[in-house]
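Working through the structure, step by step
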Amino acid sequence: MSEASDMRSVVEHLAAAMAGRTPLPGVRIPLDQAVGLIAAERLVSRVDLPGFDNSAMDGYAVQAADLAGAGGRRRRGVRLPVVAHLAAGDAPTQEVRPGTAIQIMTGAPMPPGADAVVPVEDTYGGAQMVTVTAAVPVGRHIRRRGEDLAAGSVVVSPGDVLTPRRIGLLAAAGHGEVMVHPRPRVAVVSTGAELVPPGDDLAPGQIYDSNSHLLAAAVTAAGGRTAYRGRIGDDPATVRAELARLAAQVDLVITSGGVSMGVHDVVKDVLRESGTVEFVQVAMQPGKPQGLGVLMDGDREVPFFGLPGNPVSAAVSFMVFVRPVVRRMLGLEPADTTTVTVELTAGLRSPAGKVQFARAQSRMLPSGRLGAQPVAGQGSHFVADLAAADLLLVVPPDATELSAGSLVEAVLLDAELAVT
């Protein structure tokens, strides 16, 4: 029996991660905090848009019949007395009678009696008398009440992404708050006594904690909120207490390290006792050892991911398994990664029976196709090559050797940053 046959497939592990995951319950928040979140309610407009007939131009409110003789080849002008002035926000106090005009600004309400607006460009004169040099039909340059949206019309539905444009519509429709699925509060924990905060001096055998920063940034890019980022050592009692504390404060817990087969894989040792977390081998490279389950906070189940400690393994595992769960909790579709077909510019070997997620750099080929150059270092500890890559090649388990020119599916690694 092959090694891969004893493992869980990537598809199976993702299905296990998504099982039972639902959007977080809705909360009502101010509009200025809602951009990018998902609506959890149906809202209708409280007003007509526009709310009243108003001028679409700076000019003069008139009765169109008075201007029937204006314009023509001789540019004949019609002189009208100006009986009032209206700016946006003013309420009309006079009406337009036959043979008169009211000076009006864009957005100002149409005064009684007026049935058209003459743009200021077709006039000369000023505040007391105006000469109009072009006729206008009835209704010209008037924004009618409710022509954009009628009161009672739906402006947002559950599941809608609250883009800046929808936020503007909600405000125009009279809503200052909206119910949304909130950003999941996520705890990110690196394990290992050898870890030191970046910026500190290193003692022999110590390394900087990069994983908590990497994963916290990934949480933010996925739409979540890192409520805690920190490190814990290898003491089981400390690990157990810290995970219990975090479970009471957040919606999702992620650890990196301590899930493999080593003597000091403390996360695995502590959580395996709980019966709510399983530790499995997944047929993928990198990222084979995975922990998955829930931490209990009373009766509340808090999703838990135990990711491998190697930085590349942690990054790939987050993208494949954790990011879809964060998106589901937000109320988004979990599978949103941008995939493209690329042409390899160099050969690539892949282990039999495992999906390989290989890092690569993209470049346009003379043929017009997007090319992919695998990075030199494919080991799970190559952080610099991970940072340099902008593609993640998805090599299927039955493809053990690909030559230059082969076509492969790839994920655009930074696509989410362009649309956040």
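As the structure is a prediction and not an experimental result, all values here were calculated from the model. (Residues numbered from 1 in each chain as written. Predicted model: local features only at pLDDT ≥ 70, side-chain atom pairs only at ≥ 80, totals over all residues. Heavy atoms only, no water.)

1. A few points about the sheet that holds strand 8 (residues 116-119)
One open sheet accounts for six strands, arranged 8-5-7-6-10-9; its pairing is mixed. Two strands bound the open sheet, and with one partner strand each, they are strand 8 and strand 9 (123-125). With strand direction ignored, the average angle separating the axes of adjacent strands in the sheet is 40°. Examined bridge by bridge, strand 5 (residues 59-62) and strand 7 (residues 101-104) share three bridges and lie antiparallel to one another. Paired with A61 across the strands is I102, a residue of strand 7. (Pairing = 2+ DSSP bridges. Helix = DSSP H or I, 4+ residues; strand = E, 2+ residues; numbered from the N terminus. Axes fitted to C-alpha atoms, helices over the stretch in contact; angles between N-to-C directions.)

2. Quick notes on the packing of helix 1 (residues 10-18) against helix 6 (residues 311-330)
Relative to each other, helix 1 and helix 6 sit at 30°, their axes nearing to 9 Å. Comparing their axes, helix 6 and helix 1 come out roughly parallel. For the crossing formed where helix 1 meets helix 6, the hand is right-handed. Only V320, F321, P324, V325 and R328 of helix 6 make contact with helix 1, whose side of the interface consists of V10, H13, L14, A17 and M18. (Parallel < 35°, antiparallel > 145°, perpendicular 65-115°, else oblique. Left-handed = near helix turned anticlockwise from the far one by under 90°. Contact = heavy atoms within 4.5 Å.)

3. Quick notes on the packing of helix 3 (residues 211-222) against helix 6
At a closest axis distance of 9 Å, the pairing of helix 3 and helix 6 adopts a crossing angle of 30°. Between helix 3 and helix 6, the crossing angle belongs to the class labelled roughly parallel. The two elements helix 3 and helix 6 cross, and the hand of that crossing is right-handed. Mapping the contact onto sequence places N211, L214, L215, A218, V219, A221 and A222 in helix 3 and P311, A314, A315, F318, R323, V326, R327 and L330 in helix 6. The residue makeup of the contact of helix 3 with helix 6, split by class, is twelve nonpolar, one polar and two charged. (Nonpolar A, V, L, I, M, F, W, Y, C, P; charged D, E, K, R; others polar.)

4. Examining the pattern of salt bridges
Going through the model one piece at a time under the given rule, you end up with 13 salt bridges. Between R8 and E278 there is a salt bridge; the shortest N-O distance is 3.0 Å. Remark: E278 occurs in strand 19 (residues 277-281) and R8 occurs in the segment before helix 1; sequence separation between them is 270 residues. Residue class for E278 comes out partly exposed when judged on its relative accessible area of 33%. Measuring nitrogen to oxygen at the nearest pair gives 3.0 Å for the salt bridge that ties D53 to R144. Here the residue D53 occupies a position in the loop between strand 3 (43-44) and strand 4 (54-55), and R144 occupies one in the loop between strand 11 (142-143) and strand 12 (154-156), the gap between them amounting to 91 residues. For D53, a relative accessible area of 27% translates into the label partly exposed. Since its relative accessible area comes to 36%, R144 is described here as partly exposed. (Salt bridge = Lys/Arg side-chain N within 4 Å of Asp/Glu carboxyl O. Buried < 20%, exposed > 50% of the residue type's maximum accessible area, 1.4 Å probe, protein only.)

5. Section: the packing of aromatic side chains
The geometry of an aromatic ring pair is captured by two quantities: the separation of the ring centres and the angle between the planes. Per the counting criterion, the structure on display carries zero aromatic pairs. Note that R245 overlies the ring of Y228, its terminal NZ or CZ placed 5.3 Å from the centroid. (Phe/Tyr/Trp six-rings, centres within 6.5 Å; stacked < 30°, edge-to-face > 60°. Lys NZ or Arg CZ within 6 Å of the ring centre and 35° of its normal.)

6. What to know about the nonpolar core
Core analysis: the largest hydrophobic core is formed by 57 residues, its most contacted members being L162, I254, F305 and F318. Among the elements that line this core, the one with the most residues is helix 6, at 13 residues. Once you skip the residues sitting within four places of it in the chain, F318 turns out to touch L215, A218, V219, A222, I254, L307, R323 and P324. Counting residues in hydrophobic clusters, the runner-up holds 19 residues, among them V189, A247, L271 and F279. (Core = buried A, V, L, I, M, F, W, Y, C linked by side-chain atoms within 4.5 Å.)

7. What about the sheet that holds strand 18 (residues 252-256)?
Ordered by their spatial adjacency, six strands build an open sheet running 17-14-18-22-21-19, and the pairing between neighbours is mixed. The open sheet is flanked by strand 17 (225-232) and strand 19, the only strands paired with a single partner. If you compare each strand with its neighbour and ignore which way they point, the axes differ by 15° on average. As judged from the five bridges shared by strand 19 and strand 21 (residues 289-297), these two strands associate in the antiparallel manner. Looking at the pairing, V280 lines up with Q290 of strand 21. Packed on one face of the sheet, helix 4 (residues 236-247) meets strand 14 (185-191), strand 17, strand 18, strand 21 and strand 22 (300-307) and runs near 175° to strand 17. Along the sheet, helix 6 contacts strand 18, strand 21 and strand 22; its crossing angle with strand 22, the most-contacted strand, is approximately 160°.

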